[in-house]
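The chain contents come next:
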Amino acid sequence: MSMQIGGLNSYIDPSVTSSVTGKGLSGKLDNMDSAASAEELKEVCREFESYFMEQVYKEMFKTIGSEEGKDTSLSSLVDYFKDGVIQDIASQTTDQAGGPLAQQLYEQMKRNYGITDEE
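Residues numbered from 1 in each chain as written. Predicted model: local features only at pLDDT ≥ 70, side-chain atom pairs only at ≥ 80, totals over all residues. Heavy atoms only, no water.

A. Region of interest: the confidence of the model for the protein chain. Residues at a pLDDT of 70 or more form 64% of the protein chain, whose mean pLDDT is 73. Taken element by element, the protein chain is modelled with least confidence in helix α1 (residues 7-12), mean pLDDT 37, and with most confidence in helix α3 (residues 38-62), mean pLDDT 90. Across residues 1-18 the pLDDT falls below 50, and counting only partners more than four positions away or on other chains, this stretch makes 32 contacts in the model. (pLDDT = per-residue confidence, 0-100. Helix = DSSP H or I, 4+ residues; strand = E, 2+ residues; numbered from the N terminus. Contact = heavy atoms within 4.5 Å.)

This is the structure:
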């Protein structure tokens, strides 16, 4: 599953945005077995880290105080685009930081599922 947000249409139409959800990741892990490849497991771990970072950023965003006299039309516009932008930032953070959480998850799950790097 690609986490890239492609163009303005993905912001306008929520069905275009490929958002990773906790249920989606859980479903992928439920279907994981020893026949799964190491690359599939790495991708699931990377997606989880991106999802985790997205949740962290959303909680951080909530700590920003609201201004009493702010323009409601501007506020609506910001709310409209906020989730897509946060998803994109979380994905970029995971890609740029090298995914230390994803690597730790991968190593642990590789042992749990008996997946070897030799394919």
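Alright, that's what it looks like, and here's the rest.
B. Focus on the packing of α3 against helix α5 (residues 100-113). For the pair α3 and α5, the least separation of the axes is 8 Å and the interaxial angle reads 135°. One element, α3, and the other, α5, form an angle in the oblique class. Considering only the axes of α3 and α5, their crossing is right-handed. Two secondary-structure elements touch here, α3 through A38, L41, K42, C45, R46, F48, E49 and F52 and α5 through P100, L101, A102, L105, Y106, M109 and K110. (Axes fitted to C-alpha atoms, helices over the stretch in contact; angles between N-to-C directions. Parallel < 35°, antiparallel > 145°, perpendicular 65-115°, else oblique. Left-handed = near helix turned anticlockwise from the far one by under 90°.)

C. Spatial organisation of the nonpolar core. Core analysis: the biggest nonpolar cluster contains seven residues, these being A38, L41, C45, A102, Y106, M109 and I115. When residues of this core are traced back to their parent elements, those giving at least two are α3 and α5. Setting aside residues up to four positions removed in sequence, A102 forms contacts with C45, R46 and E49. (Core = buried A, V, L, I, M, F, W, Y, C linked by side-chain atoms within 4.5 Å. Buried < 20%, exposed > 50% of the residue type's maximum accessible area, 1.4 Å probe, protein only.)

D. Focus on helix α4 (residues 72-97). For α4, with 26 residues, the first-to-last C-alpha span of 36 Å sits near the 38 Å given by 1.5 Å per residue. Along its length, α4 reaches its greatest deviation from straightness, about 40°, at K82. Where α4 is concerned, the buried positions are S75, G84, I86, Q87, D88, A90, S91 and T94. A positive phi of about 85° marks G98, the residue just after α4. (Expected span 1.5 Å × (residues − 1). Bend = angle between axes of the 7 residues up to and from the residue.)

E. Up close: α3. Along its 25 residues, α3 runs 37 Å from first to last C-alpha, staying within 8% of the 36 Å computed at 1.5 Å per residue. Those residues of α3 lying buried are A38, L41, V44, C45, E47, E49, S50, M53 and E54.

F. Structural context of the environment of E43. Turning to its location among the elements, E43 is positioned in helix α3. For E43, a relative accessible area of 28% corresponds to the partly exposed category. Put simply, E43 and A102 are 59 residues apart on the chain and 8.7 Å apart in space, counted from C-alpha to C-alpha.

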